[in-house]
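Spelled out, the chains give:
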Amino acid sequence: MSGKISREEVEEMREIFRKIDLDNDNHICDYELHELLKNAGHDVPGYMFREIMQKLDRNQDNKISFDEFLAIVQELRGSAVAKTFRKVLNRKEGILAIGGTSELSSEGTQHSFSEEEKIAFTNWINTALKDDPDCKHVLPMDPDSDALFKSVRDGIILCKMVNLSVPDTIDERTINKKKLTEFTTQENLNLALNSASAIGCHVVNIGAFDLKAGKPHLVLGLLWQIIKIGLFADIELSRNEALAALLRDGETLEDLMKLSPEELLLRWANFHLENAGWEKINNFSSDIKDSRAYFHLLNQISPKGTEEDKPRIDINMSGFNERDDLKRAEAMLQQAERLGCRQFVTPTDVISGSPKLNLAFVANLFNKYPALTKPENVDLDWDRLEGETREERTFRNWMNSLGVNPHVNHLYGDLQDGMVIFNLYEKIKMFVDWNKVNKPPYPKMGTNMKKLENCNYAVDLGNKAKFSLVGIGGQDLFDGNHTLTLALVWQLMRRYTFNVLEDLGDGQKVNDDIIVKWVNKTLAEAGKTTKITNFKDKEISSSLAVLELIDAIQPHSINFDMVKTGSLSGDDKLENAKYAVSMARKIGARVYALPEDLVEVKPKMVMTVFACLMGRGMKQV
């Protein structure tokens, strides 16, 4: 459209602006615009979002006024961005509007949540935790009510769901379960949030207060991340070698390892559809709406009676020819129920093509009935099939918890074009000139050159940040060199950690020695007997220094009756470490390290534990 904007259109734009302006300060900030885009189904990459902001923010004050918004709206009208703006005024069926829901909101703000997701997640939790005695006070929940948002308020269900997705993340001894108070409830929510972050959930802008208030879109967003991590846990070649059956001609195991869980699920579904003689699908939304692909998938994966623990189940295909889409979807789900897999979707979710819920439905099918056999007598280099190390998993979870875009599924492969690394540089307050970055999608010809140029720029930025990058070049990142890529990622994590401490300390520079001195001073002032010499100190393996530091920061938080002392076995040390890590998270420290890191005294991870506790201690000064 061109020409003068009419009065009616100005009022429409003002209404759009008001809905984006979550805190009612007559400006749109980056958080508010990003929130709108995500709510409208456009979770755009970071670089694209920055370009949108730069285009809108004409006076470069990092805020968009209504006049700026109006001045550029004509340029945007024919674009996807303009369509996104208008979507907020026309919510789809099944989306409910509710009042303000974050610390940045104000009363009267409208956020949205999916009624379908609420029902699906409620049913999933009811099934998953039905036998847990600690959840009897809230389960089963009525999926048609708002019971879910009330039931998460004490933090117990959230802690249990974290452990369901990644077992042993939270030491059960640290969950407050009886005679709950405002304070002990707050501790549970801290524990759940910090543990969710440790397994890779993006929990920025979600606080214990939001969960205690049962704010729907934040509760559902967190639950989806936790559930998804659990559903995707075994959709990984190193953990399920039978996935090699999905290899195509000319592919190697490394090619398959580069695929995301979503891509592997799609290939798995198409593998079975091809065997059924049915056409392939390209997605779990529009291509599955008629349920016919699902019928064939269920028929292919249903037990054939060849395994002792899985009796034969014959799928009734009569519903396949049902003319009504809704009835056909119901007939299909009745067959899924016979497999114990009627989870996440209703007939309406199937025919509406809900991508998130259908993805969860298929992931659950895969986990229960993969129906794959590891290829035999095939020339595959199984020796190159390495599982993710503990250090790699910690780094990957740290990156994802910061909300990097794209999401990191495979540490080395997903860093090979530099985009995630640029995200991380911005997190440590390094300026990234996005005009120098080659952004996806990359051209068919010259893709590798574009990615290599990005990697070279990433190394240049590391040198400007005064990282130790001796022997590390862009080619190493592009090649996915494990040792050298980890060296750069560690320095990014270290700098991020130090930056947090410097912000709390009014800009005072931080290094290892300063952290060690703070730890020992805090222990001594609290009358504790432990101390550390450095992050390689073998005494740390008992976790006593960590536990006493936690108790110094928050007096009487540690139950020392649970702590093993004296001559400790390896199991004793691990029990102490599990307790220490969970207690650190419980008092509000966002610890990413694992208990094994303390037992084995891994200096890098040990440093992050003490640094996070220092940050927690400094917050209360």
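Worth saying up front: this structure is predicted, and the values here are computed from it rather than measured.

So, on to the overall build of the protein chain. Counting its regular elements, the protein chain contains 27 helices and four strands. A sequence separation of at least 24 residues applies to 60% of the contacts in the protein chain between residues at least 6 apart. Carbon and sulfur atoms make up 48% of the accessible area of the protein chain, which totals about 29300 Å².

The next subject is the nonpolar core. Core analysis: the largest hydrophobic core is formed by 93 residues, its most contacted members being Leu265 and Trp268. Once residues within four sequence positions are removed from consideration, Trp268 is found in contact with Leu246, Leu297, Ile301, Val362, Leu365, Phe366, Tyr369, Pro370 and Leu372. Counting 81 residues, the second-largest nonpolar core is a separate cluster that includes Ile421, Met430, Val601 and Met607.

The full count for this structure, using the stated rule, is 13 aromatic pairs. Each ring, one from Phe121 and one from Trp224, has its centre 6.0 Å from the other, and the planes form 5°; the classification is stacked. Note that Phe121 is positioned in helix α6 (residues 115–128) and Trp224 in helix α11 (residues 216–232), a separation of 103 residues in sequence. Neither Phe121 nor Trp224 differs from the other in exposure class; each is buried.

What follows deals with unusual backbone geometry. In this structure, Pro140 follows Leu139 across a cis peptide bond, with omega equal to -5°. By the secondary structure assignment, Pro140 is in the loop between α6 and α7 (147–151). Of note, the bond from Asn405 into Pro406 is cis; its omega dihedral lies within 30 degrees of zero at 10°. Topologically, Pro406 is positioned in the loop between α18 (390–401) and α19 (419–427). At Lys179, a residue that is not glycine, the phi angle is positive and equals roughly 45°. Mapped onto the elements of the fold, Lys179 is located in the loop between α8 (156–165) and α9 (182–198). Accessibility expressed as a relative area gives 82% for Lys179, which makes it exposed. A positive phi angle, near 70°, is found at Lys429, a position not held by glycine.

A separate point is the environment of Ser352. On the secondary structure map, Ser352 appears in helix α16 (residues 347–352). Looking at Ser352, its side chain comes within polar contact range of the main-chain oxygen of Asp349, at 3.3 Å.

Moving on, we get to α6. In a regular helix each residue adds 1.5 Å, so 14 residues correspond to 20 Å; α6 covers 20 Å between its end C-alpha atoms and thus fits that length. The complete set of buried residues in α6 reads Glu115, Glu117, Lys118, Ala120, Phe121, Thr122, Trp124, Ile125 and Asn126.

Once that is clear, we can look at the packing of helix α13 (residues 261–275) against helix α17 (residues 355–368). Where α13 contacts α17, the axes come no closer than 10 Å and their chain directions differ by 70°. Overall, the two elements α13 and α17 adopt an arrangement that is roughly perpendicular. Of the two possible hands of crossing, α13 and α17 adopt the one that is left-handed. Taking contact as the criterion, the partners of Glu262, Leu265 and Trp268 in α13 are, on α17, Leu359, Val362, Ala363, Leu365 and Phe366. Taken together, the residues of the contact of α13 with α17 break down into seven nonpolar, no polar and one charged.

Turning to the packing of α8 against α9, a few remarks are in order. Their axes nearest at 8 Å, the elements α8 and α9 cross at an angle of 25°. Relative to α9, the element α8 lies roughly parallel. Judged by the twist between their axes, the crossing of α8 over α9 is left-handed. On α9, the residues touching Ile156, Leu158, Cys159 and Val162 of α8 are Asn188, Leu189, Leu191, Ala192, Ser195 and Ala196. In terms of residue class, the contact of α8 with α9 is made up of eight nonpolar, two polar and no charged.

All right, on to the side chain of Ser354 then. In this fold, Ser354 is placed in the loop between α16 and α17. Not counting residues within four places of it along the chain, the set of residues in contact with Ser354 comprises Phe284 and Asp349.

What follows is about helix α24 (residues 544–553). Counting buried positions over the 10 residues of α24 gives nine, a clear majority of the element. For α24, the secondary structure elements touched by its buried residues are α23 (512–525), α25 (570–586), α26 (595–599) and α27 (603–619).

This next bit is on the confidence of the model for the protein chain. The pLDDT averaged across the protein chain works out to 87; a share of 82% of its residues lies at or above 70. Per-residue pLDDT stays below 50 along residues 86–95; that stretch engages in 20 contacts with residues further than four places along the chain or on separate chains. Across residues 97–109 the pLDDT falls below 50, and counting only partners more than four positions away or on other chains, this stretch makes 37 contacts in the model.

Next up on the list: the side chain of Glu187. Structurally, Glu187 can be placed in helix α9. Sequence-distant contacts of Glu187, defined by excluding residues within four places in its chain, comprise Asn176, Gln554 and Lys586.

Once that is clear, we can look at the pattern of salt bridges. All told, the structure shown has 31 salt bridges when counted by the stated rule. Across the pair Arg173 and Asp171 runs a salt bridge, and its minimum N-O distance is 2.7 Å. Overall, the relative accessible area of 11% leaves Asp171 in the buried class. A salt bridge links Lys228 to Glu262, with the nearest nitrogen and oxygen atoms 3.2 Å apart.

This next bit is on the environment of Glu322. With respect to the helices and strands, the residue Glu322 is situated in the loop between α14 (292–301) and α15 (325–338). In contact with Glu322, not counting residues within four places along its chain, are Arg292, Lys327 and Arg328. A polar side-chain atom of Glu322 sits 3.1 Å from the main-chain amide nitrogen of Asp324.

Criteria and cut-off values
- Residues numbered from 1 in each chain as written.
- Predicted model: local features only at pLDDT ≥ 70, side-chain atom pairs only at ≥ 80, totals over all residues.
- Heavy atoms only, no water.
- Helix = DSSP H or I, 4+ residues; strand = E, 2+ residues; numbered from the N terminus.
- Contact = heavy atoms within 4.5 Å.
- Areas by Shrake-Rupley, 256 points an atom, 1.4 Å probe, with all protein chains shown as cover.
- Core = buried A, V, L, I, M, F, W, Y, C linked by side-chain atoms within 4.5 Å.
- Buried < 20%, exposed > 50% of the residue type's maximum accessible area, 1.4 Å probe, protein only.
- Phe/Tyr/Trp six-rings, centres within 6.5 Å; stacked < 30°, edge-to-face > 60°.
- Polar contact = N/O pair within 3.5 Å; in protein donor to acceptor, adjacent residues only side chain to side chain.
- Expected span 1.5 Å × (residues − 1).
- Axes fitted to C-alpha atoms, helices over the stretch in contact; angles between N-to-C directions.
- Parallel < 35°, antiparallel > 145°, perpendicular 65-115°, else oblique.
- Left-handed = near helix turned anticlockwise from the far one by under 90°.
- Nonpolar A, V, L, I, M, F, W, Y, C, P; charged D, E, K, R; others polar.
- pLDDT = per-residue confidence, 0-100.
- Salt bridge = Lys/Arg side-chain N within 4 Å of Asp/Glu carboxyl O.

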